Amino acid sequence: MTTILFLAWGLSPAADPAAYVTYRTGTSPIILSAPHGGTLPVPGVGVRTGFAVAQFVTVRDTGSDDVALAVAKALETKTGRGPHLVVAKFARTYIDANRPADDAYEWKAAAPVYAVYHKALADAKATVAKDWGRGLLLDLHGQGADPNAIFRGTNDGKSVTHLTDRFGRAGLTGPSGVLGGLERAGYKVVPAGDSKDKEDPRYGGGYITRTYGSRDGGTVDAIQLELGTSMRSAAKRERFARDLADAVIVYAKEYLPEKPKAGP
Ligand SMILES: [Zn+2]
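A.B. asks: Can you break down the overall build of the protein chain residue by residue, with the values?
C.D. replies: Secondary structure assignment for the protein chain yields 10 helices and 7 strands. For the protein chain, the spread of C-alpha atoms along the three principal axes comes to 60 × 45 × 40 Å. Sequence-distant contacts, at least 24 apart, represent 81% of the contacts inside the protein chain between residues at least 6 apart. A total accessible area of about 11800 Å² is found for the protein chain, and carbon and sulfur atoms account for 56% of it.

A.B. asks: Go over the sheet that holds strand E7 (residues 220-227) with me, naming the residues and quoting the values.
C.D. replies: Strand order in the open sheet formed by 7 strands is E1-E3-E2-E4-E7-E5-E6, and the pairing between neighbours is mixed. With partners counted over all chains shown, the strands left at the sheet margins are strand E1 (21-24) and strand E6 (188-190), one partner each. Neighbour to neighbour, the strand axes of the sheet diverge by 20° on average, direction disregarded. Sheet topology places strand E2 (residues 30-34) next to strand E3 (residues 84-88); 4 bridges connect them, and they run parallel. Each bridged residue has a counterpart across the sheet, and for Leu 32 the counterpart in E3 is Leu 85. Sitting on the sheet, helix H2 (residues 64-79) touches E1, E2, E3, strand E4 (135-142) and E7, and the angle it makes with E2 is about 160°. Helix H10 (residues 237-255) contacts E2, E4, strand E5 (149-153) and E7 of the sheet and is inclined by roughly 155° relative to E4.

A.B. asks: I'd love a proper account of the coordination of the zinc ion, names of residues and values included.
C.D. replies: When a metal holds four donors in a tetrahedron, each ideal angle between them is 109.5 degrees; when it holds six in an octahedron, the ideal angles are 90 or 180 degrees. On the protein side, the zinc ion has His 36 (ND1), Asp 61 (OD) and His 141 (ND1) as donor atoms, found 2.0 to 2.1 Å from it. When the donors of the zinc ion are listed by position in the chain, the intervening gaps give H-x24-D-x79-H. Here Asp 61 lies in the loop between E2 and H2 and His 36 lies in the loop between E2 and H2, a separation of 25 residues in the sequence. Side by side, His 36 and Asp 61 carry an identical accessibility label, which is buried.

Rules used throughout
Residues numbered from 1 in each chain as written. Predicted model: local features only at pLDDT ≥ 70, side-chain atom pairs only at ≥ 80, totals over all residues. Heavy atoms only, no water. Helix = DSSP H or I, 4+ residues; strand = E, 2+ residues; numbered from the N terminus. Contact = heavy atoms within 4.5 Å. Areas by Shrake-Rupley, 256 points an atom, 1.4 Å probe, with all protein chains shown as cover. Pairing = 2+ DSSP bridges. Axes fitted to C-alpha atoms, helices over the stretch in contact; angles between N-to-C directions. Donors = N, O, S within 2.8 Å, 3.2 Å for Na, K, Ca; no water. Buried < 20%, exposed > 50% of the residue type's maximum accessible area, 1.4 Å probe, protein only.

Spelled out as C-alpha cells, the structure:
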C-alpha cells in the first residue's frame, strides 16, 4: 500500500534522479563541482554506515554548494561566459560523490543519482576538451581543520599533469595559477606558494580529481579546493567567490585558449 502511494506521488526510488543534482552546461573551459554541500535525502536510500569503506566521512561541507553557485555567477558576470556547474543537492549522509561507486553509497536506489553526478562531470569534461582543447575543473569542498586556510588537492600534482608538463610548476603555484591568485588576494593556501611540502593527505585530492583531472592523460586539469569555514560563511562567501573568480580569470588568460575552437 505504501509503495503504491509513493509511486502515485512520484516519490518512488529514483523517480527523477536528475532532480538531486544541479547541472548547468557552460560556455567556458571551466568546470565547477561541489559534491558535499547538499542537504536532500534521497527516496529509497538509507544513511550510509561506512562498513568496510576506506576514508568514511558523512559530514556536510556546509556552504560549499553556495560558493560554487556564487563563483559561477561571478564568472558569468565578469566574462560573459558561464562555467559548467555540477552541484550535489543530495546529502553526503546518503551518497558521497567523491568516492568510487563501491564506496559511495550502500543502497541500490542511490546508483542512478550518483550516476547523474558523474555523467554530468564526464559530459562537461568531454565538452570542454572538444570545444576548447584544454580546461580546468575546480572541485570545491569544506574543511574544519583551519577556518582561514585553503588546502590544495591535486593528488600531489598528478591531477594537473597536463598543466605542469606544458607550462611547468608555475601553472599551479605561480602568480597566474589559481592558488597563486588566491594567495595574492590574501588567502592562506596550504601548502604555501611553491613550497616543496606535500599536500595534506586528508585534503590532497579525491576520486573526482583522480578521475576527471589529467593524471591518466587528457587536457583537462583538476584541483580540489578545501575551504575553511571563513570562506563558506554566509557573510563572506560572496567576497570569496569574487576573489576565486578573479583568480580563475587570470589563470584562464595565461593558460587556457582565449576562444573556443569554433563559434563565438
Ligand atoms: Zn568534501
